[in-house]
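Coordinate inspection notes
What follows is each chain in one-letter form.
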Amino acid sequence: THTHTHRVGKMAEGGITQLVNCRMLWRGQLIREDVWVQNGRIADPKHLFWTERKTATRRIDCGGLIVSPGFIELQINGAFGVDFSSISADKAAEGLAKVAKGLLAYGVTAFCPTLVSLPPASYQAVLPKFERRAGSKDGAAVLGLHLEGPFLCAEKCGAHPKECIIQHIDGLAHMEQVYGISMDKVALLTLAPELKGAVEVIPELRKRGVVVSMGHTMAKLQDAERAVQAGATMITHLFNAMPVFHHRDPGVVGLLGDKDKSRRGIFYGVIADGLHTHDAALRIAYAAHPNGCVITSDALSALGLPPGNHRHGALQLTLFEGCRAVIQGTDILAGSVATMDHCVRRLKDIVDLDVCKAVEAATLRPAQVLGISSKKGTLEYGADADFVLLDDDCNVKATFVAGELAYAHESFKLKETSLTSALV
């Protein structure tokens, strides 16, 4: 055998990688177990050894770090100067690739590019360019679009252009006409459940594989419950762009108090940047429904850019240290520029969680939202070998996609040993 250290490792087809000296996040616990990878998937060592009669061809010493599933980002508007909602059609593929590559540094191995409310002509020009794609060492997987609008409540449109909001839905054909694509390309859709025709279209969307989330809404609890019965399973950025909690009618937030919420599979997105949601509100939500908590960054195109003035679509922003972005010349929050790993650390500290629980909100829970938790968001045997190496404070040291090292922090050196024989 021989040992060498380098930044990006590629695994030979059929080769077997063994990660040693690590703590693996496994079914809600940290366990001292080696992680085995074959053909881009997490492998069962017993099957390798006893059935295939094979052992490792490559060994990686993780230096005592935590091996966590890769983070999954369900709501991201752009990053590194790329804004998904204002990008020109000819630059869409290039912009998507740039974001997919850059997100690896924050531990993100899969994401849903998110577009806000736009005129139909804009959707029709750009949406066909957003293709699903598998992850690789060149970038995180693209899981399908998250369309956040335009079927929202104008009263709660937030930063969305009011003139683009459509406050009624005339069936699936109406939606496809607005978007100019088949709904099969869409992973997640945010709508206001109180709109005329909204509840009726939810079962149609579910049949097409689209997950329906409720947001930018004035819905009463009864409206939200009807949407859930029709197949809605998520709440977009809880507490933001919805009525304040009222004890006589708690609105969409009241779903967290449903005694059947776990059976119904209700999830809620939280922007855990310490700015968008008060720490006490986050603690209340988590205490009410811990298994539904999904971290989303809801990040703008200024994510990953240095402090200073930047443009995001039509908005002029000022970016400050500490993940704060405001509309230039004002104190109005313009959206998030927090990274996923930052949000994991914030959730851990605010709610006083262990590493496993905090990480689950960025891995297992978003995978469950999309119905892909057998392949993503887990280190179960057969799952995609998308994982991150974390220290105990949830800082990302390295990111692997399909078993290949795709990003390494400057402080991290891969200690890799090539082994001569794969046969027992």
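The coordinates are above.
One structure accompanies this document, and this report is about it. Quantities reported herein were computed from a predicted structural model and do not represent experimental measurements. (Residues numbered from 1 in each chain as written. Predicted model: local features only at pLDDT ≥ 70, side-chain atom pairs only at ≥ 80, totals over all residues. Heavy atoms only, no water.)

Focus: unusual backbone geometry
Across the junction of G149 and P150, the peptide omega takes the value 5°, indicating a cis bond. Inspection of the secondary structure assignment puts P150 in the loop between β14 (145–148) and α4 (171–179). (Helix = DSSP H or I, 4+ residues; strand = E, 2+ residues; numbered from the N terminus.)

Structural notes on the pairing of strand β3 (residues 23–26)
Side chains R23 and L25 of β3 all project onto a buried face; the interleaved residues M24 and W26 project onto the opposite face, where all are buried too. Summarising the sheet, β3 and strand β8 (residues 66–69) pair through two bridges and their orientation is parallel. If you follow M24 over to β8, its bridge partner there is V67. Bridging between β3 and strand β4 (residues 29–31) involves three bridges; their strand directions are antiparallel. Across the sheet, residue W26 finds its bridge partner in β4, namely Q29. (Buried < 20%, exposed > 50% of the residue type's maximum accessible area, 1.4 Å probe, protein only. Pairing = 2+ DSSP bridges.)

Describing the pattern of salt bridges
For the structure shown, the criterion picks out 15 salt bridges. Residues R208 and E176 are paired through a salt bridge, measuring 2.9 Å at the closest nitrogen-oxygen approach. Residue R208 is located in the loop between α5 (198–207) and β16 (211–214), and its partner E176 is located in helix α4; the two are separated by 32 residues in the primary sequence. We classify R208 as partly exposed; its relative accessible area is 31%. Each of the salt bridges in this network shares a partner with another, and the network as a whole consists of R41, K376, D384 and D386. (Salt bridge = Lys/Arg side-chain N within 4 Å of Asp/Glu carboxyl O.)

Describing the side chain of T277
With respect to the helices and strands, T277 occurs in the loop between β18 (267–270) and α8 (279–288). Ignoring anything within four residues of it in the chain, the contact list for T277 reads L238, F239, N240, I271 and L282. (Contact = heavy atoms within 4.5 Å.)

Brief notes about the sheet that holds strand β25 (residues 396–401)
Judged by pairing direction, the sheet is mixed, and its six strands sit side by side in the order β4-β3-β8-β24-β25-β26 without closing on themselves. The two strands at the open ends of the sheet, each matched to only one other strand, are β4 and β26 (404–408). For this sheet the average axis-to-axis angle between neighbouring strands, irrespective of direction, equals 30°. Summarising the sheet, strand β24 (residues 387–390) and β25 pair through four bridges and their orientation is antiparallel. Paired with L390 across the strands is V396, a residue of β25. (Axes fitted to C-alpha atoms, helices over the stretch in contact; angles between N-to-C directions.)

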